[in-house]
Amino acid sequence: MFFSAAGYMPPQVPMVMPVPDRPLGCPPGLEYLTQIDQLLVQQKVELAEVILGWETNNKYTVKNSMGQQVFFVAEENDCCNRQFCGPLRSFVLHVQDNMGQEVMTLTRPLKCGSCCFPCCLQELEIQSPPGNPIGYVIQNWHPFLPKYTILNEKKEAVLKILGPFCSCRCCADVNFDVLSVDESTKVGRIAKQWTGMVREAFTDADNFGISFPMDLDVKIKAALFGACFLIDFMFFEHNK
C-alpha cells in the first residue's frame, strides 16, 4: 500500500496533444500544426536568472488552445555567447514533439542589431526535418517600426509582420500583426502576453500567443512559429 506524506502533491503529467494523421507533403512532426490555428508559447522561469542575473539557455513549452502540450523548445548556446552578446546572440533552437523527437530546428546567425545598419538585419532559418530548410524570417529595415517578411523554402515572400512603435507596455499585450504581402489584409497575430507585474519586473520569461488561419500551409505556420522566437530575443530578452 502506498502512503503519501501530508501536503505532498505528486508531479503532474502534462496533457499532450494526440498525434494526428500526417498529410502528404507535410514534414514529419509538423502534422500537429495542421489541426490548430493558435499556439501558446510559455518560457520557463530559470532561478539562476532571477537570483543571480546569469543568462541561461532558454526553454519553452508550446501548447494548443486546449492547453495540450504540442512541442518543447530548448536553446543550444555557449556561455560566452549568452553572457556577452545577450539578446543579440546567435542561437540554435531545437523543437521536439511529445515523444522527444526533434521535428524542427531554428537557427539565427549573429548579426548587428542597430537600425543604422540595414545591411546587417536579423534573420532566422526554419528547418524541418533538421537540415532541410522550409522557411525563413527576414527583418526589413524601417526607421522606427519592427517589420519582417516570411519567406517559403524558395525564398519567396508569403507574409509580412508589422510590430508597434513601442514594445514596452504596462498591463497590456504587445501585438505584432501578421499581414498579407501587400500589407492590406490582416491574417494573424503574434502577441507578447502580459504576465503580471512581478514576473515582468524580475524575469525575462515571456508568454506569446500565435494565431493564424487553420488552412495556412503548415510550413508557413512553422515559419510564423519561428518568428515568435526571433521577436522574443530582439525585444523582450533583456535581463531585468
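As shown above, the structure is provided for reference.
Residues numbered from 1 in each chain as written. Predicted model: local features only at pLDDT ≥ 70, side-chain atom pairs only at ≥ 80, totals over all residues. Heavy atoms only, no water.

Participant: Looking at this model, I keep getting lost on the overall build of the protein. Mind explaining?
Facilitator: When you go through the protein residue by residue, the secondary structure sums to four helices and 12 strands. Per-residue burial over the protein gives 44% buried out of 240 residues. Across the protein, the fraction of contacts at a sequence separation of at least 24, relative to all contacts at a separation of at least 6, is 43%. With an accessible surface of roughly 12,200 Å², the protein has 60% of that area assigned to carbon and sulfur atoms. (Helix = DSSP H or I, 4+ residues; strand = E, 2+ residues; numbered from the N terminus. Buried < 20%, exposed > 50% of the residue type's maximum accessible area, 1.4 Å probe, protein only. Contact = heavy atoms within 4.5 Å. Areas by Shrake-Rupley, 256 points an atom, 1.4 Å probe, with all protein chains shown as cover.)

Participant: Sorry if this is basic, but what is going on with the nonpolar core here?
Facilitator: The tendency in soluble globular proteins is for nonpolar side chains to be buried side by side. In this structure, F71, I161, I190 and F225 are the most contacted members of the largest nonpolar core, which totals 49 residues. Here the element with the most residues in this core is helix α4 (residues 218-235); it accounts for 13 residues. Filtering out sequence-adjacent residues up to four positions away, I161 remains in contact with P146, K147, Y148, I150, F176, D177, V178, I190, L224, A227 and I231. (Core = buried A, V, L, I, M, F, W, Y, C linked by side-chain atoms within 4.5 Å.)

Participant: Mind showing me how you'd approach the packing of aromatic side chains here?
Facilitator: Any pair of aromatic rings gets described here by the distance separating the centres and the angle formed by the planes. By the definition in use, this model includes 10 aromatic pairs. Between Y32 and F71, the ring centres sit 5.8 Å apart and the planes meet at 70°, which makes this aromatic pair edge-to-face. One end of the pair, Y32, is in the segment before β1 (38-43); the other, F71, is in strand β3 (residues 69-76), with 39 residues separating them in the sequence. Centroid distance F144 to F165: 5.9 Å. Interplanar angle 65°. Geometry classified as edge-to-face. Linking F144 in the loop between β7 (133-140) and β8 (147-152) with F165 in the loop between β9 (157-162) and β10 (174-180), this pair joins segments that are 21 residues apart in sequence. Classification of F144 as partly exposed rests on a relative accessible area of 47%. Residue classification places F165 among the exposed positions, given a relative accessible area of 62%. By the ring-pair criterion, three or more aromatic residues cluster together here, those being Y32, Y60, F71, F225 and F229. Lying over the aromatic face of Y136, K155 brings its terminal NZ or CZ to 4.9 Å of the ring centre. (Phe/Tyr/Trp six-rings, centres within 6.5 Å; stacked < 30°, edge-to-face > 60°. Lys NZ or Arg CZ within 6 Å of the ring centre and 35° of its normal.)

Participant: Where do I start with the sheet that holds β7 in this structure?
Facilitator: Either a parallel or an antiparallel arrangement is found when strands of a sheet pair, and the pairing is made through backbone hydrogen bonds. An order of β1-β2-β3-β4-β5-β6-β7-β8-β9-β10-β11-β12 is seen for the 12 strands of this closed barrel, with the pairing classed as antiparallel. Each neighbouring strand pair of the sheet contributes to a mean axis angle of 20°, computed without reference to strand direction. Direction of pairing for strand β4 (residues 91-96) relative to strand β5 (residues 102-108): antiparallel, over a ladder of six bridges. Bridging across to β5, L93 finds its partner in L106. Along the sheet, α4 makes contact with β1, β2 (59-63), β3, β4, β5, β6 (123-127), β7, β8, β9, β10, β11 (186-193) and β12 (207-211), crossing β8 at roughly 150°. (Pairing = 2+ DSSP bridges. Axes fitted to C-alpha atoms, helices over the stretch in contact; angles between N-to-C directions.)

Participant: Just to check I follow, could you spell out the pattern of salt bridges for this structure?
Facilitator: Where side chains of opposite charge bring their charged atoms close, a pairing between them can arise. Under the counting rule described, the total for this entry stands at four salt bridges. When the shortest N-O distance is used, the salt bridge between K186 and D177 registers 3.4 Å. D177 is the salt-bridge partner of R189, the closest N and O atoms lying 3.7 Å from each other. Placement of R189 in strand β11 and of D177 in strand β10 is noted, with a sequence separation of 12 residues between them. Taken together, the shared-partner salt bridges connect D177, K186 and R189 into one network. (Salt bridge = Lys/Arg side-chain N within 4 Å of Asp/Glu carboxyl O.)

Participant: Any chance you could explain α4 here in plain terms?
Facilitator: One full turn of an α-helix is made of 3.6 residues, so residues set three or four places apart face in the same direction. With 18 residues, α4 should cover 26 Å at 1.5 Å per step; its first-to-last C-alpha distance of 26 Å lies within 8% of that length. Across the 18 residues of α4, 17 count as buried, placing the element largely inside the fold. If you check the start of α4, you find a side-chain oxygen 2.8 Å away from the backbone N of K219, and it comes from D217. (Expected span 1.5 Å × (residues − 1). Polar contact = N/O pair within 3.5 Å; in protein donor to acceptor, adjacent residues only side chain to side chain.)

Participant: Would you take a moment to explain the side chain of E75 for this structure?
Facilitator: One can find E75 in strand β3. Under the relative-accessibility criterion, E75 is labelled buried at 5%. Within the local environment of E75, its side chain forms a polar contact with the backbone nitrogen of N58, the two atoms lying 2.8 Å apart.

Participant: Just to check I follow, could you spell out the pairing of β4 for this structure?
Facilitator: Successive side chains on a regular strand alternate, one facing one side of the sheet and the next facing the other. Only one face of β4 is covered, namely the one carrying F91, L93 and V95; the face carrying V92, H94 and Q96 has none of its residues buried. For β3 and β4, the ladder comprises five bridges, and the chain directions are antiparallel. The residue bridging A74 from the neighbouring strand is H94, located in β4. With antiparallel pairing between neighbouring strands as the criterion, β4 and β5 make up a hairpin whose turn holds five residues, including G100 at a positive phi of roughly 85°.

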